[in-house]
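One letter stands for each residue in the lines below.
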Amino acid sequence: METKNIKAFPKDFLWGSSTASFQCEGAANEDGKGESVIDRRVQDKSLCDYSVASDHYHRYKEDVKLMKECGLKAYRFSISWTRILPLGNGEINQKGLKFYDDLINELIENNIEPIVTIYHFDYPQGLIDQYGGWLDRRSVEDYVRYAEILFENYGDRVKYWLTINEQDHVMHHPFRLGLQGLDAKESVRLGFIANHHMSVAGALAIEKCHEMIPGSKIGPAACFDILYPATNNPVDVLAWKDAMDIRNYHVLDLNCLGEYNGTLMKYLEDRQMVPSILDGDIDIMKRNRPDFIGLNFYMSRSVKENPISETNKIGDIDVRILPMAEAGVYMTVKNENLKSTLWGWEVDEIGLHISARLLWDRYKLPLLITENGFGHVETMPNDKEMIQDDNRIEYLTKHLKSIKEAMNLGVEFLGYCNWSFIDLVSGHSGFSKRYGLVFVNRDEHDLRDLSRHKKKSFYWYKDLIETNGEKI
Ligand code: BGP
């Protein structure tokens, strides 16, 4: 609805920007870093050279200087588990600890609040080799020990923590679990086992964080690509409700309520996919509620019914990026009302407004936008020019407006971190899909000079932060 007297952003709003370790650091084999599932997957450099990424490991001072110039109040980054523990458990690598110690000090000296993601996709290959990683219960203990090391070493300076980035993505992408060559159905079944272990591990990390760092705030970073019913036919609305419970709410229900929702449990039972839940697991999750929800938002999707037939049987799953369709549950269809990015992501700022309100109604936890951004192809400008990324500015402006509107209706927000500060390696599309406020001069294979160049959106964001979002 139209509302009057839209509130201003709060004075302590965390205007920030995000990255993740493997996507920006590079130095994949330096200073004792161990191998992660990402390193294993990208040994074949046909897509892109990840081992250098944006070279942030060597240029972090220059990058923090740019953050300072932009006026960032917060920087969300992830710690590479295998820099700290090369095998995922066992010996600590002091050089890895030192890198993040230096980065955190640099941020604090520049009055930038560090927001640390404990684990963002780059799971230790060593734990896959030892016992199969998240599929084994031992993964819970190893994750918690790793988190404790971070709390012990950085807790005096870091107050904001994120447990796991996009647990729902990890469980649906076999390569993030170190799995290969499985059929879709089996990988979904194993994904739910991993999901349970991640949920318990995340809850135990919340417990430790609260014990070890008084006044700290910790929560999950969840991807919530909101779904819409494709039509007002009740069968499509019902498919939408099922898909929301099974695809969108299920991880946050575990993280924030300590519950397997009823729809999900029935779905798992019918497919013989209920993971083993030990006595006490539900209690661990229930008693360790996060302080906020980190929300990664990029797009919406639309769904319709997907009736069972002779050729479309229960358990049939179409795995492209995520399970996009399931026989007897739902199928994803194009939304003709929305424009898409070059990668087919349907741009939908109103979807962010609706998501924020749905999450607030269900969990009553403040939101911290941990990712939101526009991926596009951009080329190095000549000396006197600047990249005119007006499309990115428009995307970010509209999404921030939605946040303000949701705020006006009572939703609490701690801050906003766009994805990403500098250009970095995309999760699926190499270096040609750029999100940064700062251009990094390289392409997929030619590393060029990796120099940094401020885009128009950098100056737009700087101005916005200076005026506390007044122009939104
Ligand atoms: C999120 C991930 C990020 C980032 C982003 C954009 O799912 O948390 O790591 O990659 O999506 O996705 P992509 O790089 O595939 O465009």
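Conventions we followed
- Residues numbered from 1 in each chain as written.
- Predicted model: local features only at pLDDT ≥ 70, side-chain atom pairs only at ≥ 80, totals over all residues.
- Heavy atoms only, no water.
- Helix = DSSP H or I, 4+ residues; strand = E, 2+ residues; numbered from the N terminus.
- Rg over C-alpha atoms; globule rule 2.2 N^0.38 Å.
- Contact = heavy atoms within 4.5 Å.
- Lys, Arg positive; Asp, Glu negative; His and termini not counted.
- Charge placed at Lys NZ, Arg CZ, Asp CG, Glu CD.
- Axes fitted to C-alpha atoms, helices over the stretch in contact; angles between N-to-C directions.
- Parallel < 35°, antiparallel > 145°, perpendicular 65-115°, else oblique.
- Left-handed = near helix turned anticlockwise from the far one by under 90°.
- Nonpolar A, V, L, I, M, F, W, Y, C, P; charged D, E, K, R; others polar.
- Near = heavy atom within 4 Å.
- Polar contact = N/O pair within 3.5 Å; in protein donor to acceptor, adjacent residues only side chain to side chain.
- Salt bridge = Lys/Arg side-chain N within 4 Å of Asp/Glu carboxyl O.
- Buried < 20%, exposed > 50% of the residue type's maximum accessible area, 1.4 Å probe, protein only.
- Disulfide = S-S within 2.5 Å.
- Pairing = 2+ DSSP bridges.
- Expected span 1.5 Å × (residues − 1).
- Bend = angle between axes of the 7 residues up to and from the residue.
- Core = buried A, V, L, I, M, F, W, Y, C linked by side-chain atoms within 4.5 Å.

A. Local environment of the overall build of the protein. A tally of helices and strands in the protein yields 15 helices and 15 strands. Taken against the 2.2 N^0.38 rule, which gives 23 Å for 472 residues, the C-alpha radius of gyration of the protein at 21 Å falls within 12% of a compact globule. Viewed in the frame of its principal axes, the protein has a C-alpha envelope of about 60 × 55 × 45 Å. Of the contacts formed within the protein by residues at least 6 apart in sequence, a portion of 78% connects residues at least 24 apart. Measuring between centres, the 57 positive side-chain charges of the protein sit 3 Å from its 72 negative side-chain charges.

B. A look at the packing of helix α7 (residues 138–154) against helix α9 (residues 184–212). Axis separation between α7 and α9 bottoms out at 9 Å; the angle between their running directions is 30 degrees. On the basis of the axis angle, α7 is roughly parallel to α9. Crossing of α7 over α9 shows right-handed handedness. In this structure, α7 contributes S139, V140, Y143, V144, A147, E148, F151 and E152 to the contact, and α9 contributes H197, V200, A201, G202, L204, A205, K208, C209 and M212. Class assignment of the residues belonging to the contact of α7 with α9 gives a composition of 11 nonpolar, 3 polar and 3 charged.

C. View of the site of the ligand. Around the ligand, a shell composed of 15 residues is seen, among which Q23, E166, G427, K433 and Y435 lie nearest. Between the ligand and N165 there is a distance of 2.9 Å, counted from an oxygen atom to a side-chain nitrogen or oxygen. Residues that form the shell around the ligand fall into these classes: 5 nonpolar, 7 polar and 3 charged.

D. Main features of the pattern of salt bridges. The full count for this structure, using the stated rule, is 35 salt bridges. Salt-bridge contacts for R287 lead to D283; the nearest nitrogen and oxygen are separated by 2.9 Å. Placement of the pair is R287 and D283 together in helix α12 (residues 281–287), with a separation of 4 residues, close to one helical turn. Judged by its relative accessible area of 44%, R287 falls in the partly exposed class.

E. Local environment of the state of the cysteines. Enumeration over the complete set of coordinates arrives at 0 disulfides. Its sulfur unpaired, C417 is 12 Å from the next cysteine sulfur, which belongs to C70. A relative accessible area of 0% means that C417 is categorised as buried.

F. A look at the pairing of strand β4 (residues 160–165). Most of β4 sits inside the fold, with 6 of its 6 residues counted as buried. The pairing of strand β3 (residues 113–119) with β4 spans 4 bridges and is classified as parallel. Looking across to β4, one finds that I115 is bridged to Y160. Note: β4 against strand β5 (residues 217–223), 4 bridges, orientation parallel. Looking at the pairing, N165 lines up with A221 of β5.

G. View of the packing of α9 against helix α10 (residues 234–257). Between α9 and α10, the shortest axis-to-axis distance is 10 Å and the interhelical angle comes to 30 degrees. Here α9 lies roughly parallel to α10, going by the angle between them. Note on packing geometry: the crossing formed by α9 with α10 is right-handed. Facing F192, N195 and S199 of α9, the residues of α10 in contact are H250, V251, L254 and N255. Split into classes, the residues belonging to the contact of α9 with α10 amount to 3 nonpolar, 4 polar and no charged.

H. Structural view of helix α3 (residues 56–70). End to end, α3 covers just 17 Å across 15 residues, shorter than the expected 21 Å (1.5 Å per residue, more than 12% under). Taken as a whole, α3 carries its principal kink of about 40 degrees at E62. Residue G71 follows α3 closely and has a positive phi angle near 90 degrees.

I. Structural context of the nonpolar core. Among the nonpolar cores identified, the biggest contains 140 residues, and W134 and W161 are the most heavily contacted of them. Looking at this core element by element, the count peaks at 12 residues for α9. Not counting residues within four places of it along the chain, the set of residues in contact with W134 comprises W81, Y119, Y123, S139, Y143, I164, L177, I193, A194, H197, M198 and A201. I115, L162, A221 and F292 belong to the second-largest nonpolar core, a separate cluster that totals 10 residues.

J. Looking closely at the pairing of strand β7 (residues 293–296). Burial along β7 is two-sided: I293 and L295 facing one way and G294 and N296 facing the other are all buried. Across 4 bridges, the pairing between β7 and strand β12 (residues 367–371) is parallel. For G294, the partnering residue across the bridge sits in β12 and is L368.

K. Summary view of unusual backbone geometry. The omega torsion of the bond from W419 to S420 falls at 10 degrees, within 30 degrees of zero and hence cis. Along the polypeptide, S420 turns up in the loop between β13 (413–419) and β14 (438–440). Of note, the phi angle at D31 is positive, near 50 degrees, even though the residue is not glycine. One non-glycine residue, D55, lies in the positive phi region at around 60 degrees. Relative to the helices and strands, D55 is located in the loop between α2 (37–41) and α3.

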